[in-house]
Amino acid sequence: MILRILETTENGLTYLARFLAVISALAIGSITTIICVSVIMRRVANSPLFYAEELVGLLLAVTLFFALPLVTLRGDHIRVTLLANQLQKRGRAYLGLVAGIVVLAFLGWLIFESVEWMAFAIRLGLKTEATSIPLVPWMAIVPFSLCITTFGVIVQLCLALARINTGGADQKSEVQTAPKNLQKQAD
Amino acid sequence: MFWTTLLSLLTASAASGAALGAALGLTGLFILHFFAGGATSLALDAVWNTFNSFTLSAIPLFILLGEILLRSGLSERVYTAITPVFTRVPGGLLHTNIAVCTIFGAVSGSSLSTAAAIGSVAYPEMRRRGYNRDMIVGSLAGGGTLGLLIPPSLSFLIFGALTETSIGRLFIAGIIPGLMVALMFMVYILICCLRNPSLYPRESIAISMLKVLTNGLSIWPILMLIFAIMGSIILGWATPTEAAAVGVAVAILIAFLWGDFNSQKLLESFYRSVQLYAAIGLVIVGATILAQSVAILGVPQAILESAAASGLGKYGVLALIVLTYLLLGCIFDGLSLMIMTLPIVFPLLTGLGFDPIWLGVMVTIMIEIGQVTPPVGLNLSVLASLTNNEVTLGRAALATIPYWLIFLLALVILTMFPQIALVLPNKFF
């Protein structure tokens, strides 16, 4: 029962992560368009888009942080697999738990820091220097993405633990935060 | 105490197989908390300032460019066009591999994209013609790494963004060393094939010089793309970031008109590129936090003072760093290795009097070596999987050793004659 709930939650999170990755792809498309238009405007009309640099910078943050949950859930991050490759499947599953805890500790710590960071930004009503774009909504992407990613890692860790406990370690108990062949990146 | 904590925490967390960025970042946060008076609030500021950056947006753009080229079918066209050029040279298509990787490297910023794009076209064709399989994979693995050295290059971009060095100068500095290494690869292939003619089949078809020339000219769209990216930087029409965006737009246009691209592949390219970017991005996030922590404690300055007092001399320190990169290249992926070591290596070597632009080229060659060093050599993994493990990872690694040694030779040559890297940037900027 718990296993089914966890699997359903993981599926739901994967759909959400995919949706965010689509937004991330749109952001990189927007970056391309804005820069190209700005270059053309500068060369042809001698009038570059004055907001291009700041907007592109903000969209870059969107690109990274909205793609982060999917990459984490799919275990596509760059990692050192030297030790994991030497272990049997069960050993890899346990090592995967340790890896998950490392990722959780990092993300959790950043989320904790982001509370004060966001509070500071809201208090001062931070805006970009040249074009006065309000920064708070853009900055909020960071804790939002970190929370989704952390939730995904927690669900995967629980799933891995549940599978180890039910003796299914040999099949599916490796959390996606565990080592995975980097060849996948080149597919 | 500081070093023990840094090394043990980093080793333990990274060895667990956790995302490398998380391991680096956690170590950085730990150091900020326990050694820098609880200054962990600096971490998010540093991350935000790094990623809210116009310059750094060139990284996903060049990844996107590589993904578009990978799916465009252009590699096949370029390969077919260049094939007749080397039919009369001992080694034939092995030289074509290097030449096409060089050309592809001039439009793609990634060695992985280059190796995958050319490898998927070259391996089946060369295998069918009876080339030695290990030799094919060796040439593709070595040639693929040129994607990082020949501009535009992700390595130069990240190096420039993290060290505040001119990315335009770095790009131009990579041209001559890149061509030099490509030439050295070709000379090696020539010598091998002259000594052992069984490595390649004799091509019986004689092709006229006119045909070679017309074939060469038929790759004009790729030449146009090279001009759109590198020409615009050299002529001062665009910054590297702008050139990356224009390059993406031109690549999409060329891929639709000249290759076998479609809207489905375009969407795939966008979707895949942001995921690759996020994978690299998390390493940058972690390294940024770690860099912040070591910088705040004055670690690079302390290392510099120790190095100066050690009596090793600047070349002794350089040799030690090269050795460290070679060893770490066995464990870490090239770009990650660069990102995590730069906060210490850059101030150390520039402090000893090495030119930052020259250093960018040297570091890029060092991480290229890591791309073909097992067990983490990504180019080797990609090529082994492209051959469906007909050439195993181990065999691919052995076949790549000569290219590995050529890179080391290139490091020696560049150390003896730094002007090879510096002459063009000094001329154009």
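What counts as what
Residues numbered from 1 in each chain as written. Chains lettered and ligands numbered in written order. Predicted model: local features only at pLDDT ≥ 70, side-chain atom pairs only at ≥ 80, totals over all residues. Heavy atoms only, no water. Helix = DSSP H or I, 4+ residues; strand = E, 2+ residues; numbered from the N terminus. Buried < 20%, exposed > 50% of the residue type's maximum accessible area, 1.4 Å probe, protein only. Phe/Tyr/Trp six-rings, centres within 6.5 Å; stacked < 30°, edge-to-face > 60°. Lys NZ or Arg CZ within 6 Å of the ring centre and 35° of its normal. Axes fitted to C-alpha atoms, helices over the stretch in contact; angles between N-to-C directions. Parallel < 35°, antiparallel > 145°, perpendicular 65-115°, else oblique. Left-handed = near helix turned anticlockwise from the far one by under 90°. Contact = heavy atoms within 4.5 Å. Nonpolar A, V, L, I, M, F, W, Y, C, P; charged D, E, K, R; others polar. Patch = residues over 30% accessible without salt bridge, like charges linked within 9 Å, V, L, I, M, F, W, Y side chains within 5 Å. Areas by Shrake-Rupley, 256 points an atom, 1.4 Å probe, with all protein chains shown as cover. Salt bridge = Lys/Arg side-chain N within 4 Å of Asp/Glu carboxyl O. pLDDT = per-residue confidence, 0-100. Buried area = accessible area lost by both parts, 1.4 Å probe. Polar contact = N/O pair within 3.5 Å; in protein donor to acceptor, adjacent residues only side chain to side chain.

Enquirer: Go over the overall build of chain A with me, naming the residues and quoting the values.
Expert: Within chain A, the regular secondary structure consists of seven helices and zero strands. When the helices and strands of chain A are read in sequence order from the N terminus, they spell out α-α-α-α-α-α-α. The buried share of chain A, reckoned over its 187 residues, is 53%.

Enquirer: Summarise the packing of aromatic side chains; cite the residues concerned and give the values.
Expert: Counted by the stated rule, this structure contains 17 aromatic pairs over all chains. Both rings, one in Phe185(B) and one in Phe407(B), keep their centres 5.4 Å apart while their planes meet at 85 degrees; by these two values the pair is edge-to-face. Of this pair, Phe185(B) sits in helix H12 (residues 175-195) while Phe407(B) sits in helix H22 (residues 393-416); the two residues are 222 residues apart in sequence, bridging distant segments of the chain. Judged by relative accessible area, Phe407(B) falls into the buried class, the value being 0%. Pairwise contacts between aromatic rings join Phe185(B), Tyr188(B), Tyr403(B) and Phe407(B) into one cluster. Between Arg18(A) and the ring centre of Tyr15(A), over which it is positioned, the NZ or CZ distance is 5.6 Å.

Enquirer: Lay out the packing of helix H20 (residues 356-371) of chain B against H22(B) in plain terms, naming residues and giving numbers.
Expert: Residue and element names in this part refer to chain B. Relative to each other, H20 and H22 sit at 165 degrees, their axes nearing to 9 Å. As the angle between them shows, H20 and H22 are arranged roughly antiparallel. The two elements H20 and H22 meet at a crossing, and its hand is left-handed. Here H20 contributes Trp358, Val361, Met362, Ile365, Met366, Glu368 and Ile369 to the contact with H22, which in turn contributes Trp404, Phe407, Leu408, Ala410, Leu411, Leu414 and Thr415. Taken together, the residues of the contact of H20 with H22 break down into twelve nonpolar, one polar and one charged.

Enquirer: Break down the packing of helix H1 (residues 2-44) of chain A against helix H15 (residues 240-258) of chain B for me, with residues and values.
Expert: Where H1(A) contacts H15(B), the two axes come as close as 9 Å, and the packing angle between them is 105 degrees. Regarding the angle of H1(A) to H15(B), the classification is roughly perpendicular. From H1(A), Thr32(A), Ile35(A), Cys36(A), Val39(A) and Arg42(A) reach across to H15(B), where they touch Thr241(B), Glu242(B), Ala245(B), Val246(B), Val248(B) and Ala249(B). Class assignment for the residues of the contact of H1(A) with H15(B) results in seven nonpolar, two polar and two charged.

Enquirer: Tell me what's going on with a nonpolar patch on the surface, and back it up with residues and numbers.
Expert: Judged by side-chain polarity, Leu312(B), Leu320(B), Leu323(B) and Leu327(B) come together as a nonpolar surface patch covering roughly 380 Å² of accessible area. Secondary-structure assignment places Leu323(B) in helix H18 (residues 313-328).

Enquirer: Can you lay out the confidence of the model for chain B for me, pointing to particular residues and giving the numbers?
Expert: Residues and elements named next belong to chain B. For chain B, per-residue confidence averages 88 on the pLDDT scale, and residues scoring 70 or more make up 99% of the total. Averaged pLDDT values over the elements of chain B bottom out at 76 in helix H13 (residues 209-217) and peak at 95 in H12. Both scores are given for the predicted complex: the pTM is 0.85, the ipTM 0.89.

Enquirer: So what about the interface of chain B and chain A? Which residues, and what values?
Expert: How large an interface is tends to be reported as the accessible area lost when its parts come together. The interface of chain B with chain A comprises 65 residues on the first partner and 61 residues on the second. Taking both partners together, chain B and chain A bury about 5,400 Å²; carbon and sulfur atoms supply 76% of that area. At the junction of chain B with chain A, the criterion picks out one salt bridge. Notably, a salt bridge pairs Glu242(B) with Arg42(A), separated by 2.7 Å at the nearest N-O pair. At the boundary of chain B and chain A, one finds eight residue pairs in polar contact (both at pLDDT 80 or more). Put simply, the parts of the chain that give the side of chain B that touches chain A at least two residues each are helix H1 (2-15), helix H2 (20-35), helix H3 (41-51), helix H4 (58-72), H15, helix H16 (263-296) and helix H21 (378-386) of chain B. In terms of residue count, the dominant contributor to the side of chain B that touches chain A is H16(B) (15 residues). Classifying every residue of the side of chain B that touches chain A by side-chain character gives 43 nonpolar, 17 polar and five charged.

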